[in-house]
Amino acid sequence: MCEYSGRLVAWLDNELLDQELPDQEAINVEWHVRHCAECRKAVSAYEEVSGAFLVCYQAAMVARPRSRMKWRIAGGVAAAVAILALVLLAQQQQQQPQVERLSVRLPSPAHAPAIAFEKSAPPAPAVAVRPRLTAPAPMHSQWMAEEPVVEVALPADALFPPGAVPQGFSFIAEVRFQQ
Amino acid sequence: VSGDSVPWVLPLARFQTSEREATTLFGELRKPLLRYLVCLGLSSDEAQDVVQDSFLSLHRHLSAGGSQENIRSWLFRVAHNQARNRQNSYDRRFSERLDDAGAEWVLDEATPESALIEKEKFKRLGNAIRTLAGAERECLLLRASGLRYREIGDVLGIATSTVADTVERAVKKLAEKCNV
C-alpha cells in the first residue's frame, strides 16, 4: 500500500478542512498522485463515490412522492379487484337456481304409469294421494305452489279403458307427502 | 425618552435585527436543512416541523443576544438533535431514503443501457451505505450539505480530526463496496 493513501481523502477535502493540510504537504500529495497510478485510481474512485452519494443526497427530497404514488396505485388496484370480485360474486349468486329441479322419466312398462319428478325429495315412508278439496288452480300457478310438491303424471291409458279418453286430454294429479 | 423606556428600546432593536438575520438565514439554509433531515429519515412533514422549530430556536437565540459565530453549524446541530429525538427507526429509514433517491435519479438517464448501469451502481451504493456506521453516514451527509469538517464536528459534538478520520473511512468503505 502506498504511503500517501491515508492522506488522499484529506487532500481531496482540503477546502472543507479549512486548508488544514499544510501547503507543502498538499503540493507533495498532488505531485505524488500525478505520478502514482495506484493513488490516481484511488482518488478517482473516491471522487466517483462522493459524487454518487451527493447525487443521491440531492435527489432524496424528490424521491418520496414516487413511493407514495406507488402506494396509491397499489391501493387503487386492490380496490378495483375487490369491487370486481363482489360483482362476480353477486352475478354468480343470481345465476344459481332457486329450486333444484330433477326431471326423471322412467321407461313406461305396459301398464305402469310414467312418473316425472319435478323435485327431488327424501324418500317418503308413505304416499297418500288425496283429492283436492278446493277448486283446482290454473296450470301456471302450480309452479308457485307451496313446498314440497311432487307432480305425478299418469298416462290416461293407465286409468281408463283404451279409447275412453278423448284425444288431446290428459289428467294431472297433485300429490303431497305427509310424514 | 424617559428613563423607564430605555430597557424596552434595546431588546426591540435587537429583536428586529435578529428577525432580519433569521429571515436571511432561513432563505439560505432552509433547503439544505430540509434535505439533510429528509435524508436522516424524517418524513417531509416532520422535516418541515423540525426546520420551523429550529429557526424559532435560532430566533430566540439571536433575540437573547446569543453568539452569532458558527450559526450554520449551530442550526444544523439543533435540527440534528431534534431529528434524533423524533426518529423511531432511524437507520432503516435512512437507507431506504437514499436508495429511493438513487433509483429516481436513474430514470432521467439518456439510454436504457446507461440507465441500467447507473441503476446497478446506485444499488451497490445503497447496499454499501447500509453497511456504514451511524457516525460515518452522518458525517457524509453533513459533508454533502456543504458543511466544513469543523462545522460537522460542532454538529455531532466530535473533534475535527475525528471527522476527517470518519469521512476517510466512510469514503474508502463505499469505494471498496461499490467496486469503483
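Below is a short write-up of the structure. Values in this document were obtained by computation on a predicted structure and should not be read as measured data. Every chain begins its residue count from 1, and numbering advances along the sequence as written. Note on labels: chains are lettered from A, ligands numbered from 1, in written order. Only residues with pLDDT of at least 70 get local features here, since the model is predicted, and only at 80 or more are side-chain atom pairs given and counted; chain-wide, interface and lining totals rely on the full set of residues. The basis for the side-chain values is all heavy atoms of the structure; hydrogens and waters are excluded.

### Some remarks on the overall build of chain A
Applicable threshold: Think of it this way: any DSSP run of H or I at least four residues long counts as a helix, any run of E at least two long counts as a strand, and we number them from the N terminus. Exposure classes here rest on a 1.4 Å probe applied to the protein chains alone. A residue is buried below 20% of its type maximum, exposed above 50%, and partly exposed in between. The contact criterion used is simple: two residues touch if any of their non-hydrogen atoms lie within 4.5 Å. Note on areas: Shrake-Rupley, 1.4 Å probe, and residue coverage restricted to the protein chains presented here.
Looking only at helices and strands, chain A has 4 helices and 3 strands in total. When its helices and strands are written in sequence order, chain A yields α-α-α-β-β-α-β. Burial statistics for chain A: of 179 residues in total, 22% are counted as buried. Taking the contacts inside chain A whose residues are at least 6 apart along the sequence as the reference set, 58% of them involve residues at least 24 apart. With an accessible surface of roughly 13,500 Å², chain A has 61% of that area assigned to carbon and sulfur atoms.

### Let's talk about the side chain of S145 of chain B
Considering the arrangement of structural elements, one finds S145 of chain B in the loop between α6 (134-144) and α7 (149-156). You can call S145 of chain B buried: its relative accessible area is 14%.

### Let's talk about the packing of α6 of chain B against α7 of chain B
All names here are of chain B. Note the following rule: Lines fitted to C-alpha atoms define the axes here, with helix axes fitted over just the stretch in contact, and angles between the N-to-C directions of these axes take values from 0 to 180 degrees. Orientation is classified from the angle alone, with under 35 degrees giving roughly parallel, over 145 giving roughly antiparallel, 65 to 115 giving roughly perpendicular, and any other angle giving oblique. Should the near helix be turned anticlockwise from the far one by less than a right angle, the crossing is termed left-handed; should it be turned clockwise, right-handed. Under the scheme applied here, ten amino acids are nonpolar (Ala, Val, Leu, Ile, Met, Phe, Trp, Tyr, Cys and Pro), four are charged (Asp, Glu, Lys and Arg), and all others, including Gly, are polar.
Two numbers describe how α6 lies on α7: the axes approach to 10 Å, and their chain directions differ by 130°. When the axis of α6 is compared with that of α7, the two are oblique. Crossing angle aside, the handedness with which α6 passes α7 is right-handed. Across from E138, C139, L142 and R143 in α6, the residues of α7 making contact are Y149, I152, V155 and L156. Classifying every residue of the contact of α6 with α7 by side-chain character gives 6 nonpolar, no polar and 2 charged.

### Structural notes on the pattern of salt bridges
Residue and element names in this part refer to chain B. Note the cut-off: Any carboxyl oxygen of Asp or Glu that lies within 4 Å of a side-chain nitrogen of Lys or Arg is treated as forming a salt bridge with it.
This model, assessed by the stated rule, comprises 7 salt bridges over all chains. Its salt-bridge partner being R72, residue E151 comes within 2.8 Å of it at the nearest N-O pair. Placement of the pair is E151 in helix α7 and R72 in helix α3 (residues 71-86), with a sequence separation of 79 residues. Two residues, R169 and E136, come together in a salt bridge whose shortest N-O distance is 3.0 Å. One end of the pair, R169, is in helix α8 (residues 160-178); the other, E136, is in helix α6, with 33 residues separating them in the sequence. Since its relative accessible area comes to 2%, E136 is described here as buried. Members of the salt-bridge network, linked through shared partners, are E136, R169 and K173.

### Things to note about the packing of aromatic side chains
Residue and element names in this part refer to chain B. Using the following cut-off: Each Phe, Tyr or Trp ring (for Trp, its six-membered ring) is paired with any other whose centre lies within 6.5 Å, and the angle between the two planes then decides the class: stacked below 30 degrees, edge-to-face above 60, tilted in between.
Inspection of the entire model under this criterion finds 2 aromatic pairs over all chains. Pairing F26 with F55 gives two aromatic rings, centres 4.8 Å apart and planes at 75°, and the pair type is edge-to-face. Separated by 29 residues along the polypeptide, F26 in helix α1 (residues 6-40) and F55 in helix α2 (residues 44-63) bring together distant segments of the chain. Classification of F26 as partly exposed rests on a relative accessible area of 35%.

### Brief notes about the side chain of H80 of chain B
All names here are of chain B. Along the chain, the position of H80 falls in helix α3. Here H80 falls in the buried class, since its relative accessible area comes to 5%. Sequence-distant contacts of H80, defined by excluding residues within four places in its chain, comprise Y36, L40, E138, V155 and L156.

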